[in-house]
Amino acid sequence: MSEIRDKNGLTEEEYLKSYDSNKWKKPSLTADICIITKKFSEEMVLLIKRGNHPCLGKWAFPGGFSEEGERIEETAARELLEETGVKMAPKDLTLIGVYSKPGRDPRGWTVSAAYLAVVDPDKIKPIAADDAADAGWFTVIHENDNYRFVNGETELTLKDLAFDHDDIMMDALKKA
């Protein structure tokens, strides 16, 4: 059987030898993780306070950049552990969606795969670590088509969240 050749007469091996992977600009790939608890009809979400720029001091989902050779589900589990001390297997995370709105991250073209896990709050004890300045459970309050997130004296709205995490939060709450 003869090798398959393209319109330029090249085999796949010949084509790949001359392929320039820098021809196309590539986005950075990140993972964001939404951890929700439901206990006694109270819904809570785990957020971290960003300890670095951009969005320094804003609350966000744990997350970060994928490393070369790493599956995005592994990125999500690694970042969750690094930023909150919460260990979760990649198989326990459910894809919420892919977020790629231009300008979603001021550092440049960034695409994020966001994941969801619904957990027992008694089994999860988050602690701020790595680049997270704080971590905590926020009670989700839904009134008159508006959402608030409350942890002690800290009260947030969707627009208070970093990046486009308001979009991710809305999608996660629909799936939880």
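Residues numbered from 1 in each chain as written. Predicted model: local features only at pLDDT ≥ 70, side-chain atom pairs only at ≥ 80, totals over all residues. Heavy atoms only, no water.

Student: Honestly, helix H2 (residues 72-84) in this entry has me stumped. Any pointers?
Tutor: Because an α-helix packs 3.6 residues into every turn, residues spaced three or four apart end up facing the same way. With 13 residues, H2 extends 18 Å between its outermost C-alpha atoms, agreeing within 8% with the 18 Å of an ideal straight helix rising 1.5 Å per residue. All of the buried residues along H2 are Ile-72, Thr-75, Ala-76, Ala-77, Arg-78, Glu-79, Leu-80, Glu-83 and Thr-84. Where the residues of H2 are buried, they touch strand E1 (28-39), strand E2 (42-50), strand E4 (63-65), strand E6 (110-119) and strand E7 (132-143). (Helix = DSSP H or I, 4+ residues; strand = E, 2+ residues; numbered from the N terminus. Expected span 1.5 Å × (residues − 1). Buried < 20%, exposed > 50% of the residue type's maximum accessible area, 1.4 Å probe, protein only. Contact = heavy atoms within 4.5 Å.)

Student: Help me understand the pattern of salt bridges, please; the structure alone is not making it clear to me.
Tutor: Any two side chains of opposite charge can pair, so long as their charged atoms come close to each other. Evaluation of the coordinates by the stated rule reveals 18 salt bridges. A salt bridge links Glu-13 to Lys-17, with the shortest nitrogen-to-oxygen separation between them at 3.8 Å. Separated by 4 residues within a single helix, Glu-13 and Lys-17 lie in helix H1 (residues 12-18), roughly one turn from each other. Measuring nitrogen to oxygen at the nearest pair gives 2.8 Å for the salt bridge that ties Arg-104 to Asp-164. In this pair, Arg-104 sits in the loop between strand E5 (94-99) and E6 while Asp-164 sits in the loop between strand E9 (154-157) and helix H3 (165-175), placing the two residues 60 residues apart along the sequence. Using a relative accessible area of 7% as the deciding quantity, one classes Arg-104 as buried. Salt bridges sharing common partners tie together Glu-67, Glu-70, Arg-78, Glu-79 and Glu-82. (Salt bridge = Lys/Arg side-chain N within 4 Å of Asp/Glu carboxyl O.)

Student: Would you explain the environment of Gly-63 in this entry?
Tutor: Mapped onto the secondary structure, Gly-63 falls in strand E4. For the pair Gly-63 and Ser-112, spaced 49 residues apart in the sequence, the C-alpha separation amounts to 9.1 Å.

Student: It is not clear to me how the packing of aromatic side chains should be interpreted in this structure. Could you clarify?
Tutor: Applying the stated rule across the entire model yields 3 aromatic pairs. Aromatic side chains Tyr-15 and Tyr-19 sit 5.7 Å apart centroid to centroid with 45° between the ring planes, which places their arrangement in the tilted category. Its relative accessible area of 38% is what places Tyr-19 among the partly exposed residues. A ring pair is formed by Tyr-147 and Phe-149, whose centres lie 6.4 Å apart and whose planes are at 10°; its orientation type is stacked. Across this residue pair, the class does not change: Tyr-147 and Phe-149 are buried. (Phe/Tyr/Trp six-rings, centres within 6.5 Å; stacked < 30°, edge-to-face > 60°.)

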